[in-house]
Amino acid sequence: MALTHGFSEPDVPPPEPQNGRETGRVTPVMEQYIEIKAANPDCLLFYRMGDFYELFFEDAEVASRALGIVLTKRGKHHGQDIPMCGVPIHRADEYLHRLIALGHRVAVCEQLEDPAEARKRGGKSVVRRDVVRLVTPGTITEDSLLDAKRNNYLLAIARARLSSVGEELHFALAWIDISTGEFRICETTHAALAAEIARLEPGEILISDALYSDPELAPFWRSLPAVTPLTRDVFDSATAERRLTSYFAVATSEAFGTLTRLELTAAAAAVTYVERTQIGARPPLSPPARERAGSSMAIDQATRANLELTRTLSGERRGSLLDCIDRTVTAAGSRLLAQRLAAPLTDPAAIARRLDAVAAFTEDVALRADTRARLQAAPDLARALSRIVLGRGGPRDLAAVRDGLAAARGLADALSSAREWPSEIAEALAACRAPDAALARELTEALADELPLLKRDGGFVREDYDSSLDGTRALRDESRRVIAALQARYADETGIRGLKIRHNNVLGYFVEVTAQHGEKLMTPPLNAAFIHRQTLAGQVRFTTTELGELEAKIASAADRALGLELEIFERLCAAVVAASDQIKACAQALAELDVAASLAQLAIERDYARPQVADSLAFAIEGGRHPVVEHALSSDGTPFVPNDCALSPPEGEPSGKIWLITGPNMAGKSTFLRQNALIAILAQMGSFVPAKRAHIGVVDRLFSRVGAADDLARGRSTFMVEMVETAAILNQAGERALVILDEIGRGTATFDGLSIAWATVEHLHDANTCRALFATHFHELTALSVRLARLHNATVRVKEWNGEVVFLHEVVAGAADRSYGIQVAKLAGLPSSVIERAKLVLAKLEQEDRAEPKGFEDLPLFAAPYKPSAELRQQSDDLLTATIAALNPDDMSPREAMEALYRLKQTLAKGREPE
Ligand code: ADP
Ligand code: MG
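Our subject in this report is the structure included herewith.

Each value, and the rule that gives it
- Residues numbered from 1 in each chain as written.
- Chains lettered and ligands numbered in written order.
- Predicted model: local features only at pLDDT ≥ 70, side-chain atom pairs only at ≥ 80, totals over all residues.
- Heavy atoms only, no water.
- Helix = DSSP H or I, 4+ residues; strand = E, 2+ residues; numbered from the N terminus.
- Buried < 20%, exposed > 50% of the residue type's maximum accessible area, 1.4 Å probe, protein only.
- Contact = heavy atoms within 4.5 Å.
- Areas by Shrake-Rupley, 256 points an atom, 1.4 Å probe, with all protein chains shown as cover.
- Lys, Arg positive; Asp, Glu negative; His and termini not counted.
- Charge placed at Lys NZ, Arg CZ, Asp CG, Glu CD.
- Pairing = 2+ DSSP bridges.
- Phe/Tyr/Trp six-rings, centres within 6.5 Å; stacked < 30°, edge-to-face > 60°.
- Lys NZ or Arg CZ within 6 Å of the ring centre and 35° of its normal.
- Axes fitted to C-alpha atoms, helices over the stretch in contact; angles between N-to-C directions.
- Near = heavy atom within 4 Å.
- Polar contact = N/O pair within 3.5 Å; in protein donor to acceptor, adjacent residues only side chain to side chain.
- Nonpolar A, V, L, I, M, F, W, Y, C, P; charged D, E, K, R; others polar.

## Focus on the overall build of the protein chain
Here is step 1: Scanning the protein chain from N- to C-terminus turns up 30 helices and 27 strands.
Here is step 2: Overall, the C-alpha framework of the protein chain stretches about 125 × 75 × 65 Å when taken along its three principal axes.
Here is step 3: Relative to its full complement of 915 residues, the protein chain shows a buried share of 51%.
Here is step 4: Within the protein chain, residue pairs in contact and separated by at least 24 positions form 68% of the contacts whose partners lie at least 6 positions apart.
Here is step 5: A total accessible area of about 41100 Å² is found for the protein chain, and carbon and sulfur atoms account for 53% of it.
Here is step 6: Both charge centroids of the protein chain, one from 105 positive and one from 125 negative side chains, sit 3 Å from each other.

See the structure below:
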């Protein structure tokens, strides 16, 4: 017997008056729609009608194009057809997701009363509706719209007023993840702004209209996804403190420590936007925590992309450093790991605290395994909590709280007495124990084993939990048995064996027989009891007085049962909300335990060592490896060759070294450069590192650039990009920075490139005095080591064997003698005829080069290694050195600088001419 219940709204949209067709007058529904739409002009309006969200007018056109759904019409407005398209509510999440991803904002407008209520007010009354929520990229909470492994930040940026320019910190940033309650603030400089945004990767950025149209910054804002400009009142500093304290219901913002006026402004803008989009609901935010400027390693967007920290250059998580090191077993742990990777610390004590926690878990296999198994059972507590507090939770969210709290307590019990724990873990265990055990017990007793997604589906309260609910349910179920019995009796009495009693949302319960039996029920004597309701193609439907009475009984029992369940639901939610601070802390603690245990797991699996991080300029890596390349090679059994790197200041010198690395293509230069940057990042985020030993003086800024990287998307020439980025490094890197430059100067003609690379090395050495790794195919640069005390030449060894080149991937002191370009081309599979021809051309070029080098200026050096006699080469270098030494960049106009470059180029060309 197929009995279905539907206690939801009817399937069909309520019949609403719609008579403006001829007169051109506006129907009441349209009037309501237009009014609501006018209040939300920047959003697509999802207008609830029955089981659909409908979109009208331009919204319908936009949405139907974006979603590929049918565009239809509904009535007329001022004599014109009204375009319309609809989204069924059970698929709304999916469509929302796509619209948000495309950068739209959506206002969700619900029916605020039962259509029956509206009808009671008279035939022309329209169902009350209003917007209950604005869905924007930075304010979503649904699991189906969020990436479980990533935070989704809403970032508000406030700028200091012009009067206070002159101070260093011009900007305040406040960012919120409303799905987890995290809330942070910091101040930053103009120069570091882009790097901070790159670190946070916000889902949505809020700025004032004024800042959005600032002539200097406008192009930057337009290059970012999802920037929402807001009216000035949101960024009004005079009302900021009041708005912030009212959100948290505290008397003064001193409760959050001392915040600057600018920080207060950004924080208030963020919470104001949250309130506006949530239409008054207040997600459970942590009080804003202040991050000290400089407390994390500054890494700009180009460096992040280039080092493939959280995604590869092609945009995938797979193959990134994050993917390579992620052994977490919970979504919250995965998010915390990503956060830590994005913002390595600069305080050695804080780093040591994290490393202590990882070390503790490396020491005991069984304890680590047990911890990870328990964590695996813990659901996403933070996001479930957030939905419950916003009134968007379902029974499964309550179950997540139940299971999360149970896992936390289980962990605390199992671990607390197991050993002496370092502070980070001890504190996390205390937080796991903090929530009142009574809450978890209550949830366990109340919730059934199988839970529906939506509370309105009912059936989520366990039997024996509430006696009045049990009684009502018995009544409802009893009635259902009566229906079953009734069906059997009717079949018997009518002699129609296929007679069924069914249910749908429109008719309620009805008797259904196939068309051939319909006639029988419509003729005496049976038509006295069976009242005809509906004739379909194959079936005829009837009702009876008896069935109608039963239905009323069932519906009221079922309604009452659901009502009782919903009351219980609200009570449980209230208990969860009351404990939300402790639950949030508990969720954070679980994430911290997961990260510590997972990094320990990684360290053991991959043989990573604990780094030593100090407040110094040291940089000494022994046996370092590239975590991602090593892993990729291991899958086909190729060993990775470990390499040392020593950039610590030499005896008696105040600053660190620069390594200039030469060697043929494919030797492993880029890999070596990146592995050292990655080791610094891993160490400072509090992870063990792929090396035998690592001693790192805190890196405050990390720069990594690759020559001639394409950036066609932003419409700049590759060489321009290369130079803009190099300029940023030369202007910004201080002595605590680590700079990685890979083949800078490759994007232009040889001598241009060489001159620029040359001057760049000098500037890094003399002005920036930072630690740096510089890979280059300009062998000429190695001559600089004679004059620059802290410049060290290194090369990646290769062996030539039977005319083939064998890469040893071993970094040793010294300079490469040649480029092996043709050998590499051969390895790459160029046709042998081309290889042979190239060898001939090369031999000829080398010959002519000696005799008559003019005319070959633009030949890339690596293709035609220039081999002057040692003496000639020395002369050329000396001349060049002298020319450069005579330059005083600080006193030059741009024009003079250009001319100097041309002179350098000439000198270089001349130096190559044999006298
Ligand atoms: P280069 O920058 O000198 O052209 P890459 O760093 O791009 O060279 O390295 C080329 C390839 O050599 C890498 O893809 C990797 O497979 C391999 N390789 C690099 N370094 C090592 C190493 N230390 N051990 C083993 N293989 C390596
Ligand atoms: Mg390379």
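What follows continues from the structure just given.
## Concerning the side chain of Asp 59
Here is step 1: Note that Asp 59 resides in helix α2 (residues 57-67).
Here is step 2: Taking the relative accessible area as the measure of exposure, Asp 59 reaches 7% and is therefore buried.
Here is step 3: Residues in contact with Asp 59, not counting those within four places in the same chain, are Tyr 33, Lys 37, Cys 43, Leu 44 and Leu 45.

## Some remarks on the pairing of strand β1 (residues 44-49)
Here is step 1: Taken across its six residues, β1 has six buried, putting it largely inside the fold.
Here is step 2: Residue alternation in β1 divides its side chains into two sets, Leu 44, Phe 46 and Arg 48 and Leu 45, Tyr 47 and Met 49, and both sets are buried.
Here is step 3: As paired strands, β1 and strand β5 (residues 106-111) are joined by four bridges and run parallel to one another. When the sheet's bridge partners are listed, Tyr 47 is paired in β5 with Cys 109.
Here is step 4: Both β1 and strand β2 (residues 52-56) contribute to a ladder of three bridges, which runs antiparallel. Looking at β2, one finds that Arg 48 is bridged to Tyr 53.
Here is step 5: What sits between β1 and β2 in their antiparallel hairpin is a turn of two residues, with Gly 50 showing a positive phi close to 60 degrees.

## A few points about the packing of aromatic side chains
Here is step 1: Applying the stated criterion to the full structure yields 14 aromatic pairs.
Here is step 2: The interplanar angle of 40 degrees and the centroid separation of 6.1 Å between the aromatic rings of Tyr 33 and Phe 57 together place this pair among those described as tilted. Taken together, the positions of Tyr 33 in helix α1 (residues 28-39) and Phe 57 in helix α2 put the pair 24 residues apart, joining distant regions of the chain.
Here is step 3: For Tyr 33, a relative accessible area of 2% corresponds to the buried category.
Here is step 4: Its relative accessible area of 24% is what places Phe 57 among the partly exposed residues.
Here is step 5: Here the aromatic cluster, defined as three or more aromatic residues joined through ring pairs, consists of Tyr 33, Tyr 47, Phe 56 and Phe 57.
Here is step 6: The side chain of Arg 222 reaches across the aromatic face of Tyr 212, ending 4.4 Å from its centre.
Here is step 7: Above the plane of the ring of Tyr 247 lies Arg 282, whose end atom (NZ or CZ) is 5.4 Å from the centre.

## Concerning the sheet that holds strand β18 (residues 612-614)
Here is step 1: With mixed pairing, the four strands of this open sheet are ordered in space as β18-β22-β19-β20. In the strand order of this sheet, the two ends are held by β18 and β20 (643-646), each with one partner. Strand-to-strand twist in this sheet, taken as the mean axis angle between neighbours without regard to direction, amounts to 15 degrees.
Here is step 2: Bridging between strand β19 (residues 619-624) and strand β22 (residues 693-697) involves four bridges; their strand directions are antiparallel. The residue bridging Phe 619 from the neighbouring strand is Ile 696, located in β22.

## Focus on the site of ligand 1
Here is step 1: Taken together, 13 residues lie around ligand 1, and Val 641, Met 666, Lys 669, Ser 670 and Thr 671 are the ones closest in.
Here is step 2: Met 666 is positioned such that a nitrogen or oxygen atom in its backbone is 2.6 Å from an oxygen atom of ligand 1.
Here is step 3: Taken by itself ligand 1 offers 560 Å² of open surface, and the protein chains cover 79% of this.
Here is step 4: Among the elements that make up the shell around ligand 1, the one with the highest residue count is helix α24 (residues 669-685) (three residues).
Here is step 5: Tallied by class, the residues present in the shell around ligand 1 amount to seven nonpolar, five polar and one charged.

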